[in-house]
Structures are given as structure tokens and as C-alpha cells.
Amino acid sequence: MSDGKLTTSVWFARRARRGRAWAAVLAAVLLSVGCGGPAAAAAVQEEAAEEDFVDARPLYLQRPFDQLTIKRNGRKVRIVPLDLPVRKVVMQRSGVLRVRLMRDPSEDYLINWVDIEKIDLYEELVLAEANQTAANGQMDEAFRYFAFLVDRYPKLDNLESSLQSFLFNSAAQLAREQRFAEALSSLEELHGRNGNYVGPGERTVTSAMSTVAAALLQKYLAEENYVYARQLATRLNERYGESRLPSLADARTVMIERAQQKAAEVRQLLAANKPLEAQAASRQMLRIWPALEGGLDLAREASSSYPILAVGVAQRAHRLDVAAMDDWAARRAGRLTDRLLVEYVGPGPEGGRYASVLGSVERTDDYLQVVFRLRRSGDSGAAQATAYDVADRLLALADPRNSSYVPGWAELVQSVHAEGGLRVEVDLRRSHVIPESFLRVPFGGEDDASPWLENLRPYHFQGRTDDDSTAVFKLNPDFAGKGPQQPAEVRERYFEDTSQAMEALERGDILALDRVFPADAGRLLAQEKPGSVLVRPYSAPTLHLLVPNLKSPYIKNATFRRALLHGIPRELILERLLDGRTIGGCRIISGPFPAGYGANDPMSYAYDESLPARTFDPGVAMLLASMAANQLATQAEKDMEPPPVLEPLILAHPEDKAARFACAIIAEQWKALQIPCVLKQLPAGQTSDPSGQYDLLYASVTVYEPAVDAQRILGSDGLARSNSPYIGLALRRVQQATTWREARQRLLELHQLAHAEVTMLPLWQIIEHYAVSRNLRGVSPNAVTLYQDIERWQIEPVISLD
Amino acid sequence: LADRTRDFTRLTLARSGQPSNRGAAIVVVLLAAMALVACAASRAAAQESWVYSPYRVRIWVSLDQRPPITPQLAADVQTALVQQAWVIAGATWQVQPQPAPEALAFDILHDLESVNDERILAADASLSQDDKLMLLGIRVDGGQLVVQAREWDSRTRQWGHIVRRNVPQRELLTSEAFRAVADAFAPIARIEDVRDGKAHLRVRAAGLVVDAFCPAAVSMGAILRPVVRQNDRYGNPRPNGLRTIEWTLLYVSGVDGAMVAGDIHSINRGYLTGRSSSRLERYAIAVRTDGDTTQVELKSKDPSKRPLAGYEIYSKQPQSEETELLGDTDWRGRITVRRPAEGEMRVLYVRSGGMLLARLPLVPGQAEVATVELVDDEKRLQAEALVRSMQAALVEIVAQRELLAARARHHIQQGKLAEAQRLIDQFRTLPTLSELRDRLDRSKQEVVSENVRIQSRIDQMFVETQESLIKYIDPRLGDVLAGELANAQRAQ
């Protein structure tokens with residue numbers, strides 16, 4: 001610091017001394033200006049003598065100046081660029097030239113023309129330096145000089161010829177350095193300026209281009225970078241023609257030959273009944289030469305013989321449960337191995353829309369009956385469910401002794417009738433807004449192995465690779481709903497980083513990505529262009545929550561839970577998750593129900609928009625935490641027990657990136673508020689902690705039908721395991737609602753109550769996105785789960801995009 | 001019972017070596033009994049008769065008429081009943097086995113539950129002179145013998161639970177038949193007095209009981225269920241004069257000879273108040289069951305009788321203070337209660353929110369389903385939920401107000417008036433007292449109960465919350481802060 005001051009003061013001192021000298025010089029100059037003559041020239045010379053430093057920077061980076069050479073002693077003086085109508089100096093034999101020195105542009109000087117040896121204009125000086133730099137072999141630096149001149153002084157004499165020479169020489173040097181792409185670029189530039197250019201050794205620019213292009217193509221082919229090779233050859237051919245660049249034809253021939261070899265390999269592998277290897281070879285074939293005659297058909301043949309779908313996943317599925325609400329991966333992969341009796345297929349104007357793989361499911365206008373109409377599929381060979389099978393299952397769901405007992409359904413069902421093998425009628429005790437939603441349960445019980453049940457399982461889980469990175473599912477040959485081109489095998493490949501997954505998707509290594517990181521989704525949606533992958537939102541958002549484990553006295557205390565919520569910077573975390581972007585529907589929430597895209601979104605029917613989400617306020621958080629401690633101490637005193645000690649909170653979270661990121665910030669923030677907290681990452685693929693050794697669990701849940709799912713979230717046997725009688729009552733009132741108006745009103749009450757009691761700590765809602773290649777046909781634009789329509793999917797061979 | 005039988009066998013063997021002692025004891029008892037009978041006119045004599053006379057136990061036996069049951073086996077069963085009764089029950093039972101009346105024989109074999117008071121009294125009106133009638137059916141089912149027995153107490157006309165036994169070996173039939181009868185037998189006691197939460201009872205034939213294994217014995221920890229009998233002037237039960245006191249059990253906590261003390265566990269302790277007389281007799285019969293679970297069903301007292309779902313059920317042992325949460329009643333208003341690891345009886349507490357609604361004593365397994373009707377508490381609970389929400393909101397609002405006020409004052413002191421103004425503006429966005437009161441009033445209108453008592457409780461909750469609002473929310477605080485800021489601005 002002291003050195004800096006010293007340096008500054010020294011500089012000021014020098015400026016001051018120079019100022020005094022300048023005052024004396026100015027007096028002399030003024031005298032000279034009045035009479036002109038040798039005195040003036042002498043003054044200019046003295047001024048020039050004052051130029052005691054040289055700017056070492058390249059000329060094009062310096063302030064423009066012209067250079068005046070004094071005849072008497074050959075001294076060069078930098079002057080402010082002359083104001084000439086055309087930047088060209090015509091030397092005079094008499095008279096004076098009015099100039100201003102670069103060092104003191106405020107004063108004019110007059111100098112006799114006869115005393116001037118010559119005047120070099122700034123641009124001429126730059127060109128001279130450019131040529132010298134090029135001659136020294138500093139081509140990159142010389143390029144900057146020429147770029148400057150072309151931009152600022154395009155009409156400079158000799159510039160074009162110097163430039164062309166430079167481009168040719170530069171290309172030669174780059175080629176010697178194996179920098180063929182840059183060499184070709186220089187030559188193309190030269191060709192654009194002068195197609196007839198002939199360089200040293202009578203070498204034409206076209207011949208040089210052909211040589212360099214050949215070298216570059218050879219390099220690409222050696223690296224098997226066929227996309228670049230094709231792009232280059234195509235472009236050069238379009239611009240110059242093969243007749244002028246004969247090396248292009250050679251490269252094309254090489255690529256076609258290699259593609260033909262691959263095609264032969266594909267045919268051999270197909271003949272040997274090795275579809276996996278044949279598909280890999282066909283992908284390589286199309287990568288080499290997509291336009292190979294018959295190539296695409298051959299790839300289709302390889303693909304259709306055994307269509308394999310590679311899917312990138314952000315979370316591994318370590319259990320398969322198509323009905324799981326809080327386990328994204330289990331629900332996704334569970335759809336491959338199991339179907340539900342009734343499936344949610346998307347939001348509707350009043351609750352969700354539902355369908356059954358068995359046929360149709362409808363409710364009567366009075367909401368007092370649910371009717372299944374079973375569809376009989378054509379091939380009668382396979383065992384199919386009859387109305388009696390379905391009736392049995394519907395009754396089992398209402399039987400408390402059954403392991404898959406659904407209390408809500410049991411409360412509604414009065415009787416079940418099977419008619420004629422294809423029709424099942426369920427009479428309800430009372431009307432319910434959406435009774436079929438209770439039937440989102442697997443077809444069979446745990447130990448049920450009926451043949452018809454087996455025929456409803458689309459895929460069989462085959463296992464995982466040794467490194468646990470890929471899970472393999474094979475199509476069930478007896479699957480009743482098999483589509484004509486349905487993938488024969490699904491390979492779920494885990495990516496820790498979704499950006500790598502996106503690259504794999506663009507390369508065609510995978511054809512779908514199940515969950516795009518929110519920030520990536522925002523970026524990709526903004527960048528999406530035709531011909532690349534498609535990024536689409538799922539039809540239902542995920543709700544991110546902290547689920548309290550009510551075993552510790554502090555977590556049991558609602559005031560303390562409020563304190564925790566006030567201590568989470570939710571807006572900040574969400575903003576970071578979205579990378580500062582705004583994605584419709586991604587927002588902070590005040591309760592455990594979907595807020596959808598706003599109050600007018602039918603999906604948000606359970607969400608009370610009038611309820612403000614608790615804001616991040618460390619002061620309020622600390623005050624509430626202190627109040628909670630007082631409450632607990634008072635209660636302990638009443639119970640004649642010691643007051644409970646606040647042990648470090650254990651915040652458990654799954655392995656996925658968003659959860660890791662959010663929980664790290666939350667824990668740090670709580671620590672800052674004197675609320676100790678430690679993180680606990682759950683094992684791979686796990687979203688809950690059966691040991692119960694945690695205080696709060698980060699969960700992302702998907703709630704399709706709040707009118708029915710409320711119990712699964714907030715009930716005593718649900719995710720929250722709430723033992724609050726008020727929540728219990730509110731849930732029963734929702735269950736007993738007979739009209740949508742009533743259901744909605746009661747759900748809003750439930751939301752208010754859950755908000756007041758902080759039954760769960762609501763964080764934010766994320767609109768999840770999936771990404772698919774355009775080569776995957778038949779994917780729903782707004783899927784509920786990734787594999788919702790996999791029976792209709794069709795894989796097109798991947799052709800590398802040029 | 002198996003243990004009891006084993007022990008009894010040991011006892012019998014021991015006794016068999018000392019026949020003279022037993023005979024002497026019986027003679028003494030009989031003499032004593034005869035002496036008491038002689039003074040039957042007096043009350044004291046009546047008590048002696050109650051304590052020192054044996055149960056008159058009639059057994060109606062119905063046997064299948066097919067192999068392996070033979071007439072000889074049937075005769076053997078009747079003989080064995082008398083012999084084993086003497087061995088096991090000793091002098092406490094005076095057994096009279098006989099073939100079941102024709103009209104009932106089939107149902108005793110195949111549909112024991114269908115046999116009722118009217119049918120047995122129609123078959124033999126003299127039954128009311130006995131203490132107990134035991135129905136014993138022995139049938140062949142699936143290649144094995146099935147024995148079932150059920151008790152009918154003639155004094156209270158109460159039916160006991162049905163005891164069933166499968167007997168794979170024919171040789172075991174006689175002993176198993178008696179065991180079934182012994183297991184079905186439930187001793188009876190007369191409630192003499194009720195005070196301080198205890199009933200004092202005199203046990204029938206207690207003077208003749210010589211050991212704890214006797215079926216007539218009532219030991220510590222036994223569970224009794226009280227029955228009231230209203231008599232006409234002739235001492236016969238009045239029409240509908242016999243009734244079980246619902247959801248009331250006595251837990252025997254003291255034994256003193258023929259007298260036992262039973263802790264009263266009842267849904268309503270008033271049920272057992274009052275005095276006994278010749279017109280109003282109060283008895284208690286021992287609870288016998290071999291079931292494991294009972295589904296307790298809660299229904300509303302109002303005419304709708306709707307299931308009371310979601311009510312919390314806690315449980316405790318009668319002699320313990322520790323309670324455990326069993327769970328909530330389901331949509332049917334039911335919860336399954338299992339037999340505890342220790343003891344037989346549980347006391348269930350039914351709670352709704354912060355309110356205890358009922359105390360239900362229960363021996364799990366005594367009945368498959370036990371229904372109780374309670375006041376529907378839903379409206380009160382709904383009101384409690386609203387009030388709790390409001391109180392929770394109040395805590396947060398008060399915290400936010402106080403913090404903002406403190407921060408604003410700090411900034412005023414520091415001369416940062418613009419920042420103070422921002423905080424005061426933020427303060428003014430918080431709900432005001434009048435807004436909170438309006439919200440509370442609207443909530444109050446949402447919950448109205450037709451039950452006066454419940455409405456009174458609801459009103460009380462809202463009044464208390466309103467008082468809290470007034471106490472903790474100072475409506476002038478915003479203006480006070482604004483005034484302090486204005487003063488500071490003038491001073492600057």
C-alpha cells in the first residue's frame with residue numbers, strides 16, 4: 001500500500017515538473033507562432049525532444065497519430081492526425097503546415113513545408129507494421145492488424161494486396177502447423193477476395209484449398225468424426241464444386257465405402273439374430289453416411305426387429321410401485337411392470353380424467369354408481385380378466401382384512417355386481433365427487449399370480465448392471481395391450497448430472513430423459529429449436545415439502561415448526577434451482593396441494609390462494625423458536641420433568657441433485673439461527689427412511705387428485721403421519737363431501753388448517769419436464785408419467801444431424 | 001384351563017391319599033349349611049345360604065346319534081360330568097346332568113346361539129329354581145368330535161359365551177366335555193354395597209370353595225359384569241326387569257373370604273349407585289372369554305346413529321396410570337382392541353381433540369363387536385380446530401408485530417427514518433385487531449350445534465380467543481410508531 005502511494009506521489013511530482021517546463025516552452029512557442037520561420041521549427045524539434053517515452057503497444061491499439069519527419073535531423077514527431085479531405089498527403093514546396101502535437105493537442109503549431117521530410121499517415125504506419133509482423137511469422141498478431149485496417153481504413157492503398165498475401169502466407173503456415181481448419185478458413189477468405197490469386201511458387205488459391213481440404217477431411221475421417229467430414233464436404237462442394245476441389249470426391253468415396261461395410265455388418269448381425277449388435281452397427285452406419293442407399297430401411301429393419309429404448313433417469317428406481325406418491329423413480333419404473341386398475345390420465349375440468357386398461361370406467365350422473373365395461377381383446381388365446389375377477393378385486397379393496405384395503409373405497413361401496421362377464425357395477429352408499437380415483441391401485445394383491453394378471457404387466461424387470469447404472473426391463477411376451485412397435489426392451493440409465501444426460505439425448509445415445517433439472521428445463525425451453533430434442537412439462541407438478549417426524553418434543557411443537565419455516569429462504573433457493581429463470585407454475589407454496597398454474601387452473605382446486613406463504617424472516621424464526629422452547633419448558637415443569645434439550649435436527653433427503661442442493665442451504669440457514677442441523681443423505685433410490693432416524697424428511701410428492709390424495713398426504717397413515725384430530729376431522733369432511741362445491745370448500749379449510757398447524761413444511765412447487773428425441777414417436781405432449789403411453793411408442797433410427 | 005386341569009389332577013392325586021380329611025370337611029360344610037337353612041327367615045341366614053349352599057347346576061346334554069358316539073358313550077359322558085364336577089368343583093356344584101329336551105336338542109348341537117330364554121323356559125319352567133343351566137352339545141363334524149357348551153344364569157337370565165372344543169380322540173371326550181362346561185361356568189356375586197368407587201360383593205358358594213382352581217372361585221384380578229334385576233312383589237323378575245349395566249365392569253381388587261371388593265370401571269359411575277332391596281337386586285357375573293379381539297364401535301347418540309370416525313382411542317390397564325394410543329376409529333366408527341399381554345381387562349378412553357368423551361371398560365374378546373353411543377363431537381371439534389388456527393395465527397402475528405416495532409424504533413433512534421418508515425409500512429400490512437375479530441366472528445358462524453351443551457362449549461372457546469386477541473393485539477401500536485417517527489422527523 002505504501003509503495004502504491006509512493007509511486008503515485010512520484011508520478012504527480014514528475015507531472016508538476018513537466019508542467020513548469022511546459023509553461024516556459026509555451027511562452028517560446030507563442031513567440032514563434034507570431035513570426036514563423038526557423039524558430040518555430042526549432043520549437044517543434046524541442047517539443048519532439050520532450051517525447052521521452054515510447055508506447056510499446058501495437059499501433060492499432062494506440063491513439064491514432066500521423067508521423068512527421070523533420071528534414072534537418074530526420075527526427076520523427078507524432079502529430080494529431082491531419083484533417084485531410086482524402087487521407088492522402090501531397091507534399092508542398094512552400095508555405096506552412098498547421099499541426100498539433102500529440103503531446104499537447106490544445107495548441108496549434110506551424111511548420112514550414114520545406115522543413116518537412118515526409119509525413120506518414122497513421123494507417124500507413126499500421127499497414128507497415130502489419131506487414132512486418134506477418135513477415136516475422138506472427139500470423140495471429142498480424143491478423144489483428146489487418147482486421148483493424150479492413151474495418152477502419154478499407155480504402156487504404158496496398159491494403160488489399162498486403163492482405164491477400166498475408167492470407168496466403170498465413171494459410172501456408174497454419175497448414176504446416178497441422179491447423180487445417182484455420183488454414184482452410186484463410187484460403188476461403190482469400191478465395192473470396194481474389195479467386196485468381198497466385199501465390200509464391202505459382203500456386204493458385206484453389207489448388208491450395210484442395211490440398212488443405214483433403215488434409216482436413218482425412219483428419220476427420222481418421223477421427224471417425226463423420227458429421228464434421230460430411231458437413232465440410234457438403235459445404236465446399238456447394239460453394240466451389242468438386243471439379244475445383246477434387247479431394248472432396250475422394251472423401252465422399254471413403255465415407256460411402258465405410259458405410260457400406262457397416263451395412264454389410266448389420267445384415268450379417270441380423271442374419272445371426274443379434275438385434276442389439278445390429279442396431280449398434282446400424283447407428284454407426286447412419287452416422288457415417290446417412291444418405292447411404294437403403295441405409296435407413298436397413299436401420300429400420302434392425303430397429304424394428306428388437307426396438308430398444310434407452311432412457312436417461314435422474315433417480316434410480318430401487319423399488320417398483322406405480323402408485324407411489326412420494327417416490328418419483330418407483331412410480332416411473334413401476335409403470336413398466338404394473339398397471340393400475342384405474343389410471344389417472346390427466347387433469348379435467350372437475351378433478352382428474354381416468355381410464356382403465358381393461359376398458360372404460362364411468363360414473364353415473366347421480367354419482368351413485370361406478371360402471372366398468374370390459375373390453376375383450378381380439379386374440380383370445382391369452383387369459384383375460386373377466387367381470388368376476390374385477391368384482392373380486394373391487395370387493396377385496398373394501399375388505400379390512402385384505403392387505404390392499406382402501407378405507408375410502410370401503411366407505412363408499414355398498415355392493416358390487418358382475419354382469420355377463422364384461423360389465424361390473426358398483427353401487428355406492430352415497431355420492432362422491434370422484435370415486436374412481438380410489439381405484440388407483442395395482443390389479444392384483446401381493447401374492448396374486450392369476451394368469452390374466454400376468455398378462456397385464458407390460459414389462460418384466462431383468463436386473464441391473466453391476467455398477468448399478470442401468471436397469472433393464474424386457475417386454476412381457478404375453479402382455480395383452482402390446483403395441484405394434486412398442487419397445488422390446490427399456491434400459492434406464494442413471495445420470496448424476498442431467499446436463500450430461502441432455503448431451504447423451506442430443507447424440508442419440510438415449511431417446512428420453514425422465515426428469516430435467518429445473519434450471520436446465522428453463523434454459524432448454526428458451527433454446528428449443530426444431531430438429532433437436534423436445535422438452536415438455538408433465539401434467540402434474542411436484543410439491544417439495546419437509547415432512548416432520550413427530551418423535552422429538554421440539555418437532556412436535558407447532559410453534560417450533562413455524563420457526564423452522566420462517567427460517568428457510570425459500571424464494572432464494574427456488575430462484576437458484578431455476579437459475580434465475582421464470583418457469584410458469586414454479587413457485588413457493590403455502591400448503592401440501594398443487595397450486596397449478598394459478599387460481600384458474602382446475603388442478604389447483606384444493607389450494608387456497610388467499611393464504612400467504614410464510615416469508616423468510618430470521619428474526620421471527622428466532623423469536624418463535626425461543627417461544628417454543630419456553631412452551632416446552634413450561635410443560636416440562638408441569639410434568640415435573642427436565643426441559644427437553646434441542647438436539648441437532650437430522651434433515652434427511654434423497655440422492656437427487658435438487659434435494660441435495662436445497663437441503664444444504666436449509667441446514668446452513670438454520671445453523672445461522674442457532675438451530676443445529678445435520679444432513680443425512682438417503683441411500684441410492686430411497687426416498688424415505690424406514691429407520692425413522694430423522695427429524696425432517698425432504699420429500700417431493702405428486703398429488704394428482706387432492707380430493708382423494710389428501711388422506712394419503714396428511715392422514716395418520718399417510719406421508720405426514722399426522723395425529724392431529726383437527727386434521728383428521730378435516731380429512732373426514734373432505735371424504736364425506738358429496739358435491740364439488742362442498743369438496744372444494746372443505747379442501748380449502750384443510751389447507752388452512754395444515755398451514756396453521758404446519759403439518760408439513762411446504763417449500764415450493766416445480767413443474768417437472770421430460771425431454772424426448774424426435775426419433776421417439778407417440779409420446780404424449782403432457783404425460784402424467786414418462787411411460788404413460790409406451791404401448792404406442794415407436795423408435796425411429798437415429799440419424800446424426802448435419 | 002389346561003393349567004388349571006393339570007394342577008387339579010395333581011391336587012386330586014394328593015387328595016386321594018387323604019380321603020378322611022375331605023369327608024370331614026364335607027360333613028362340616030353340610031352341617032353348617034343345614035344350620036343356615038334352619039334360620040332361612042332371617043337376612044343373615046339368607047346370606048349364609050348364598051355363601052354356603054352349592055350352585056344348582058343343571059346340564060342339558062345333546063349328543064349326535066351317529067358313530068363314534070354310541071349310547072354307552074352318551075351314558076359315560078353323563079356319569080363323567082357328575083364325577084368330575086365333584087372332583088373339580090367339589091361342594092360348590094350340585095350337578096344334575098340330563099338329556100336335553102327334544103325341542104332344543106338339535107339346536108344345542110348345531111345352532112347354540114339360537115337357543116334363548118323363552119325356549120328354555122318353555123321347555124322346563126322349573127329352571128328358575130336352579131342357579132345355572134349348562135347346555136352341552138357333542139357332535140361329529142368332519143371325522144372328529146366337537147364339544148360346545150354355554151351357560152345360562154337363571155337368576156339374571158344372562159347367557160355366557162360359547163365354549164368350543166375339538167376332540168380328536170374319542171377317549172378324551174368325557175374329560176373335554178367337562179372342561180367345556182367348567183370353562184363356560186361363570187361364578188356370580190351379589191352386590192351388597194357401593195361406595196368410594198368400589199362395589200362390595202358377596203360371592204355365591206364362596207364358603208364352599210377350597211382352592212383357587214375351583215370354577216366357583218372369584219380371585220384377585222377377576223372381572224365381573226354387573227346385572228340389575230327388578231322383581232315384582234313375588235320375587236319374580238318384572239318384564240324387562242333384567243338388564244346388564246352397559247359398559248361397566250368390576251375389577252376385583254380385594255378378597256376377604258366370601259366378600260370381594262371390585263373397582264368400578266364404568267362409562268357412568270352413577271349406574272351402580274343406590275341400594276339393593278328385595279325389589280332391586282344387583283349381581284355381577286364373572287366375565288369368561290377365550291376370544292382375543294373386540295371391535296369397539298362408536299355411534300352417535302342422535303337418531304342418525306352415524307358412525308363416529310376419527311375419534312382417538314387410548315387404552316390402559318385397570319390398575320395402571322399409563323395410557324397408550326391405540327389409534328383412531330375408522331370410517332365405520334370402529335377400532336379393533338386386542339387382548340392385552342397381561343390381565344384381561346382394558347379401560348379405553350375416547351377422546352375428541354382436547355376433550356375426553358367416554359371411559360369404556362372392556363374385556364377384549366368378550367364380544368365380536370361392542371357398540372357404544374356417544375354424543376357427536378364433530379361440531380365442537382371443528383370449532384376447536386378453528387380456534388386453534390386462530391391462536392396459532394395470533395402467535396405469529398404478535399411475534400411479527402413486536403419484531404417490526406422493535407426494529408422500527410431502533411431505526412428511529414439511529415436516525416434512519418426512511419428505513420423506519422418502510423418497517424412501519426410493513427407493520428401496517430399485518431392483520432389488524434378488527435380484521436382478526438371479523439375472521440373469528442365468521443368462523444363462529446360456521447359452527448353451530450343443535451346440542452346446547454356443545455354449543456355452550458363452542459361459545460366459550462370463541463369468547464376466550466376473543467379475549468386473547470384483545471389482550472395481545474394493541475390496535476394503537478401502528479399509530480404510536482407513526483407518531484414516534486413523525487416526532488423524529490420534526491426533530492431532524
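What you see as residue numbers is a count from 1 along each chain, following the sequence as written. Lettering of chains starts at A and numbering of ligands starts at 1, both following the order in which they are written. Owing to the predicted nature of the model, reporting of local features is limited to residues with pLDDT of at least 70; listing and counting of side-chain atom pairs is limited to 80 or more, with chain, interface and lining totals taken over all residues. To obtain the side-chain values, all non-hydrogen atoms of the structure were used and water was disregarded.

All names here are of chain A. Relative to the helices and strands, Asn557 resides in the loop between helix 18 (553-556) and helix 19 (558-566). A polar side-chain atom of Asn557 sits 3.0 Å from a polar atom in the side chain of Gln631. Pairs of residues are marked as contacts when any of their non-hydrogen atoms sit within 4.5 Å. Discounting chain neighbours no more than four positions away, the residues touching Asn557 are Ala628, Gln631 and Leu632. Numbering of helices and strands runs from the N terminus, with a helix taken as a DSSP run of H or I at least four residues long and a strand as a DSSP run of E at least two residues long. Under the rule applied, a polar contact is a pair of N or O atoms within 3.5 Å (in protein, one hydrogen donor and one hydrogen acceptor; residues adjacent in sequence only if both atoms are side-chain atoms).

Let's shift gears to helix 6 (residues 180-193) of chain A. Residues and elements named next belong to chain A. Expected helix span is taken as 1.5 Å per residue step, with the number of steps being one fewer than the number of residues. For helix 6, spanning 14 residues, the distance from its first C-alpha to its last is 20 Å, which sits close to the expected 20 Å at 1.5 Å a residue. Relative accessibility under 20% of the residue-type maximum defines a buried residue, over 50% an exposed one, and the middle range a partly exposed one, all with a 1.4 Å probe and only protein chains included. Turning to helix 6, its buried residues are Phe180, Ala183, Leu184, Ser186, Leu187, Glu188, Leu190 and His191. Contacts from the buried residues of helix 6 go to helix 5 (159-176), helix 7 (205-222) and helix 8 (226-240).

The next subject is the confidence of the model for chain A. For every residue, the predictor reports its confidence as pLDDT, a number between 0 and 100. Taken over all residues, the pLDDT of chain A has a mean of 85, while the share at 70 or more is 91%. In the predicted structure, residues 1-43 of chain A sits below a pLDDT of 50 and forms 18 contacts with residues beyond four places in sequence or in another chain.

This part covers the packing of helix 24 (residues 725-735) of chain A against helix 25 (residues 740-757) of chain A. Packed helices, taken two at a time, are described by the angle between their axes plus the distance between the axes. Residues and elements named next belong to chain A. Orientation is described by axes fitted as lines to C-alpha atoms, over the contacting stretch for helices, and by angles from 0 to 180 degrees between their N-to-C directions. Two elements in contact, helix 24 and helix 25, have axes whose closest approach is 9 Å; the angle formed by their N-to-C orientations is 165°. Relative to helix 25, helix 24 is oriented roughly antiparallel. Helix 24 and helix 25 meet at a crossing whose hand is left-handed. In this structure, helix 24 uses Tyr726, Ile727, Ala730, Leu731, Arg733 and Val734 to contact helix 25, whose residues at the interface are Arg746, Leu747, Glu749, Leu750, Leu753, Ala754 and Glu757. The residue classification treats Ala, Val, Leu, Ile, Met, Phe, Trp, Tyr, Cys and Pro as nonpolar and Asp, Glu, Lys and Arg as charged. All others, Gly included, are polar. By residue class, the composition of the contact of helix 24 with helix 25 is nine nonpolar, no polar and four charged. What sets the label is the angle itself: under 35 degrees gives roughly parallel, over 145 gives roughly antiparallel, 65 to 115 gives roughly perpendicular, and the rest give oblique. Handedness of a crossing follows from how the near helix is turned relative to the far one, being left-handed for an anticlockwise turn of less than a right angle and right-handed for a clockwise one.

Attention now goes to the nonpolar core. Core analysis: the largest hydrophobic core is formed by 77 residues, its most contacted members being Phe372, Leu394, Leu714 and Leu750 of chain A. One finds Leu159, Phe166, Ala208 and Leu269 of chain A within the second-largest nonpolar core, a separate group that totals 67 residues. Nonpolar core, defined: a set of buried Ala, Val, Leu, Ile, Met, Phe, Trp, Tyr and Cys residues in which side-chain atoms within 4.5 Å join the residues together.

On to empty space enclosed by the protein, then. Residue and element names in this part refer to chain A. As defined here, a cavity is a set of points on a 1 Å grid over the protein atoms alone where a 1.4 Å probe fits but cannot get out. A pocket is an open set with protein on both sides within 12 Å along at least five of seven lines, and residues line them when an atom is within 4 Å of a point. Grid points are joined across faces, edges and corners, and a volume is the space filled by probe spheres set on the points. All chains considered together, the criterion is met by 11 cavities of 30 Å³ or more. In this structure, the largest cavity is lined by 18 residues; those nearest its centre are Val322, Leu340, Tyr344, Tyr704 and Thr785. Elements with a contribution of two residues or more to the lining of the largest cavity: helix 12 (328-337), strand 7 (343-347) and helix 23 (706-714). It is strand 7 that provides the largest number of residues to the lining of the largest cavity, a total of three residues. Taken together, the residues of the lining of the largest cavity sort by class into nine nonpolar, three polar and six charged. Its boundaries defined by the atoms lining it, the second largest cavity holds a volume of some 200 Å³. If you trace the second largest cavity, you find 18 residues lining it, with Ala314, Phe517, Asp656, Lys657 and Ala658 closest to the centre. Where the lining of the second largest cavity is concerned, the elements lending two or more residues are strand 16 (512-516) and helix 22 (657-672). Broken down by element, the lining of the second largest cavity gets its largest block of residues, three residues, from helix 22. Residues that form the lining of the second largest cavity fall into these classes: eight nonpolar, three polar and seven charged.

All right, on to the environment of His432 of chain A then. Residues and elements named next belong to chain A. Examined against the element boundaries, His432 turns out to sit in the loop between strand 12 (423-428) and helix 15 (451-454). Judged by its relative accessible area of 0%, His432 falls in the buried class. As for His432 and Thr739, which are separated by 307 residues in sequence, their C-alpha atoms are 7.0 Å apart. Apart from the residues lying within four places of it in its own chain, the contact partners of His432 are Tyr367, Leu412, Phe438, Val708, Gln735 and Ala737. Here the side chain of His432 touches Ile434 through a polar contact of 3.0 Å, landing on its backbone nitrogen.

Looking now at the sheet that holds strand 10 (residues 369-374) of chain A. Residue and element names in this part refer to chain A. Between any two strands, at least two bridges found by DSSP are needed for them to pair. Across the sheet, which stays open at both edges, the four strands sit in the order 9-10-12-11 with antiparallel pairing between neighbours. Two strands in the sheet have a free side with no partner beyond their single neighbour: strand 9 (359-363) and strand 11 (413-419). On average, each strand axis in the sheet is tilted by 15° relative to the strand beside it, whichever way the strands run. In the packing of helix 13 (residues 387-397) onto the sheet, contacts are made with strand 10, strand 11 and strand 12, and the angle to strand 11 comes to roughly 170°.

Turning our eyes to something else, we now look at the layout of surface pockets. Roughly 1400 Å³ of internal volume is contained in the second largest pocket. Together, 45 residues line the second largest pocket, and Lys556, Asn557, Ala558 and Gln631 of chain A together with Arg388 of chain B are the ones closest to its centre. Every element with two or more residues in the lining of the second largest pocket is listed here: helix 18, helix 19, helix 21 (618-638), helix 24 and helix 25 of chain A together with strand 15 (312-316), helix 8 (378-414) and helix 11 (452-472) of chain B. Here the lining of the second largest pocket takes eight residues from helix 8 of chain B, the largest share from any one element. The class makeup of the residues in the lining of the second largest pocket is 21 nonpolar, 13 polar and 11 charged.

To continue, consider the sheet that holds strand 18 (residues 542-548) of chain A. All names here are of chain A. As summarised here, the arrangement of the six strands in space is 19-23-18-22-20-21, forming an open sheet in which the pairing is mixed. The strands lining the two open edges of the sheet, one partner per strand, are strand 19 (587-588) and strand 21 (677-681). Pairing of strand 18 with strand 22 (residues 696-702) involves seven bridges; the strand directions are antiparallel. Pairing of Leu546 across the sheet is with Tyr698, part of strand 22. Helix 19 rests against strand 18, strand 20 (649-653), strand 22 and strand 23 (761-766) of the sheet, and its axis sits at about 40° to strand 23.

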